[in-house]
Amino acid sequence: MSKNNETIIVLDFGSQVTQLIARRIREINIYCEILPYTTPVEELRKINLKGIILSGGPASVHLDNAPIVDKALYDLKVPILGICYGLQVTAFLNNGIVEPSNEREFGRTEIKCDNSSDLFYDLPKEQTVWMSHGDRIKDIPNVEIIAESENCHYAGIKIPQLNFYGVQFHPEVVHTEYGEAILKNFAMRICDCSGNWSMGDFISEEIARIQEEVGDERVLLGLSGGVDSSVAAVLIHKAIGDNLTCVFVDNGLLRKDEAQSVQDMYKEHIGNAELIFVDAKERFLNKLKGITDPERKRKIIGYEFIEVFRDEAEKIKQNRGDVKFLGQGTLYPDVIESKSVHGGPASVIKSHHNVGGLPDDLELSLLEPFKFLFKDEVRKIGTCLGMDDALVWRQPFPGPGLGIRILEDITVDKIETLQEADAIVRFELEAAGLNKTIWQYFAVLLPVKTVGVMGDERTYENVCAIRAITATDGMTGDWAHIPYDILGKMSSRIINEVHGINRVVYDITSKPPGTIEWE
Ligand code: XMP
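In this numbering scheme, every chain counts its residues from 1 along its sequence in written order. Owing to the predicted nature of the model, reporting of local features is limited to residues with pLDDT of at least 70; listing and counting of side-chain atom pairs is limited to 80 or more, with chain, interface and lining totals taken over all residues. Note: side-chain values were computed over all heavy atoms of the structure, leaving out hydrogens and water.

A. Structural view of the domain arrangement of the protein. Domain boundaries shown here were taken from an automatic or database domain assignment. For the protein, the assigned domains read domain 1 (7–190), domain 2 (199–392) and domain 3 (411–506). Placing a centre on the C-alpha atoms of domain 1 and another on those of domain 3 gives a separation of 44 Å.

As structure tokens, then:
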């Protein structure tokens with residue numbers, strides 16, 4: 001926790017979107033951190049606390065083991081904003097009645113608000129918000145109602161004697177029209193923050209934190225060629241210099257010519273941090289032979305990475321001394337989709353390789369400076385650190401690589417086929433100048449064969465899917481509306497040039513309900 005910055009703390013009750021609250025607050029240049037709802041109130045007295053936000057969560061206050069905050073929180077004399085469950089728990093602790101709602105409200109809802117209240121100050125009286133709740137407040141004494149919806153009398157409230165504001169909807173999600181403005185009103189008008197924090201402050205504080213945590217020990221960092229691990233390398237290198245060794249593993253699941261281009265790029269762009277390249281193609285592909293289940297593939301790849309890192313750590317140990325830390329560029333979305341971060345009961349979507357595949361007996365402590373950040377925030381840090389745009393704006397590429405874009409079992413032939421198709425997708429999209437607006441674009445090899453005709457010959461080959469998605473942080477996204485002529489060019493080039501593919505389809509699934517990767 002930062003001691004000096006003006007801070008807003010989010011106490012987490014396990015919502016999948018809790019981190020979005022912190023991100024929105026950081027976007028308005030206020031330092032924000034998420035802590036478990038069980039954090040002792042005494043800890044909060046030690047920092048420059050300007051406000052508290054109680055997050056939403058999946059629980060009901062009526063459950064036997066419902067998560068409840070310490071009532072002393074309300075004596076801290078800082079403004080508190082309760083969102084959804086955070087509102088209900090406050091009502092419950094302050095003589096209110098919370099009941100299961102007959103009409104469950106989910107999705108876009110119209111509210112009428114009092115725009116002379118500080119929370120809705122200067123915003124339209126009628127606005128669309130995003131609701132997602134089962135329980136609702138039936139009654140609560142001594143409150144001012146500042147927003148109402150058709151099914152929810154207490155859509156927004158103020159409890160003056162507690163310095164508490166509460167909303168039943170979620171201002172942190174983009175579907176709430178004025179969500180950002182509502183959070184800004186809370187932070188600036190109500191908490192009186194000055195908004196003078198920046199990513200530059202994050203960098204200097206994180207460098208100091210890494211120095212304190214690592215001391216004189218050695219760190220081994222897995223570089224993937226992607227943005228996150230590259231920025232992590234530069235940041236950690238700034239903090240501990242030569243005690244960092246970066247390892248780039250060619251697992252055989254990289255894109256066409258990537259192993260070489262990444263080596264060249266790193267030599268040019270990540271300064272003088274020590275770099276080791278490991279050719280581990282064979283050991284990865286041997287372990288993956290015949291494996292078809294997506295989660296097993298992810299776990300095997302994750303495990304094998306760790307084994308390679310362990311072997312490299314052993315070699316360093318023999319030459320220069322023990323390695324105590326494993327550095328990774330893990331981001332918040334990787335963590336939240338793999339496991340619960342702050343102790344809340346979030347559900348597992350897929351095991352991101354650098355999170356879900358870690359063995360229990362890992363002898364290395366993890367050093368993950370971006371564990372609570374999103375990719376666009378890491379890109380800002382990369383730019384602040386003076387890193388080259390070519391590296392900072394590389395499209396995301398998952399740790400398990402093409403392994404999760406070849407559905408069913410992985411073979412060398414399939415990898416080569418996919419590499420060729422994928423190179424065409426990337427080339428055409430980049431040639432059309434669309435790569436700056438599209439978050440990710442790639443090919444997927446499907447385990448489906450279809451009949452085609454080429455010249456006078458019958459063909460019976462695999463289908464390739466093109467996936468291109470627009471997003472800001474990878475948590476949600478929409479399929480990219482690529483012009484037909486570019487799709488057409490990709491399709492005819494893939495079918496003409498790539499042996500083994502005779503049909504191309506375009507994936508028009510957004511996230512949610514789909515995920516970006518197919519496995
Ligand atoms: P999904 O498929 O979960 O992907 O919608 C969201 C973002 O995460 C990337 N991704 C990964 N990144 N290790 C990573 O480092 C992984 O195991 C992993 N799986 C997915 C994906 O490419 C997208 O950017």
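B. Here's a closer look at unusual backbone geometry. In this model, lysine 511 is joined to proline 512 through a cis peptide bond whose omega is -20 degrees. Geometrically, the link from proline 512 to proline 513 is a cis peptide bond, its omega value of 10 degrees lying close to zero. Position of proline 513 among the secondary structure elements: in the segment after strand E18 (501–506). Positive phi, close to 65 degrees, is recorded for asparagine 95, a residue that is not glycine. When accessible area is computed with a 1.4 Å probe and restricted to protein chains, residues below 20% of their type maximum are described as buried, those above 50% as exposed, and intermediate ones as partly exposed. According to the relative accessible area criterion, asparagine 95 is exposed, its value standing at 66%. A positive phi angle, near 60 degrees, is found at aspartate 257, a position not held by glycine. By definition, any uninterrupted DSSP run of H or I lasting at least four residues is a helix, any uninterrupted run of E lasting at least two residues is a strand, and each is numbered from the N terminus. When you line up the elements, aspartate 257 lands in the loop between strand E11 (244–250) and helix H7 (258–269). Given the relative accessible area of 57%, aspartate 257 is considered exposed.

C. Highlighting helix H4 (residues 179–190). Multiplying 1.5 Å by the helix residue count minus one yields the expected span of that helix. End to end, H4 covers 15 Å across 12 residues, agreeing with the expected 16 Å (1.5 Å per residue, within 8%). Those residues of H4 that fall on the buried side of the exposure criterion are Gly179, Ile182, Leu183, Asn185, Phe186, Ala187 and Ile190. Tucked into the core, H4 has its buried residues touching strand E1 (7–12), helix H1 (18–27), strand E3 (49–54), strand E4 (80–83), strand E6 (126–139) and strand E9 (164–167). Taken from the residues just after H4, aspartate 192 is the one with a positive phi, measuring 60 degrees. Any pair of residues with heavy atoms lying within 4.5 Å of one another is described as a contacting pair.

D. Inspection of a negative patch on the surface at higher detail. A cluster of like negative charges, contributed by Asp264, Glu268, Asp388 and Asp389, occupies part of the molecular surface. Tracing the backbone through its elements, the reader meets glutamate 268 in helix H7. For glutamate 268, a relative accessible area of 62% puts it in the exposed group. Surface patches are defined over residues having more than 30% relative accessible area and no salt bridge, joining like charges when they lie within 9 Å and nonpolar side chains (Val, Leu, Ile, Met, Phe, Trp, Tyr) when within 5 Å. Areas reported here follow the Shrake-Rupley algorithm with a probe of radius 1.4 Å; residue values treat only the protein chains shown as occluding. When a carboxyl oxygen of Asp or Glu is within 4 Å of a side-chain nitrogen of Lys or Arg, the pair counts as a salt bridge. His is not counted here, nor are the chain ends, while Lys and Arg score as positive and Asp and Glu score as negative. To locate a charge, take NZ of a lysine, CZ of an arginine, CG of an aspartate or CD of a glutamate.

E. Highlighting helix H5 (residues 199–214). Helix length check: H5, at 16 residues, gives a terminal C-alpha distance of 22 Å against a target of 22 Å (1.5 Å per residue), a fit within 8%. Within H5 the residues assigned to the buried category are Met199, Phe202, Ile203, Glu206, Ile207, Ile210 and Val214. For H5, the angular spread of the buried residues around the axis is 130 degrees, confining them to a single face. Packed against the buried residues of H5 are strand E10 (218–223), helix H6 (227–240), strand E13 (323–327), strand E14 (365–367) and helix H12 (375–384). Note that the arc is computed from the directions linking the helix axis to the C-beta atoms.

F. Spotlight on the pattern of salt bridges. For the structure shown, the criterion picks out 33 salt bridges. When the shortest N-O distance is used, the salt bridge between arginine 209 and glutamate 213 registers 2.7 Å. With arginine 209 and glutamate 213 both in helix H5 and 4 residues apart, the pair spans about one turn of that helix. Residue class for arginine 209 comes out partly exposed when judged on its relative accessible area of 35%. The closest approach of N and O atoms between glutamate 519 and lysine 297, which form a salt bridge, is 2.9 Å. Of this pair, glutamate 519 sits in the segment after E18 while lysine 297 is found in helix H9 (residues 294–320), placing the two residues 222 residues apart along the sequence. Residue classification places glutamate 519 among the buried positions, given a relative accessible area of 10%. Ionic contacts of the salt-bridge type, sharing partners, join the residues Arg23, Arg24, Glu27 and Asp376 into one network.

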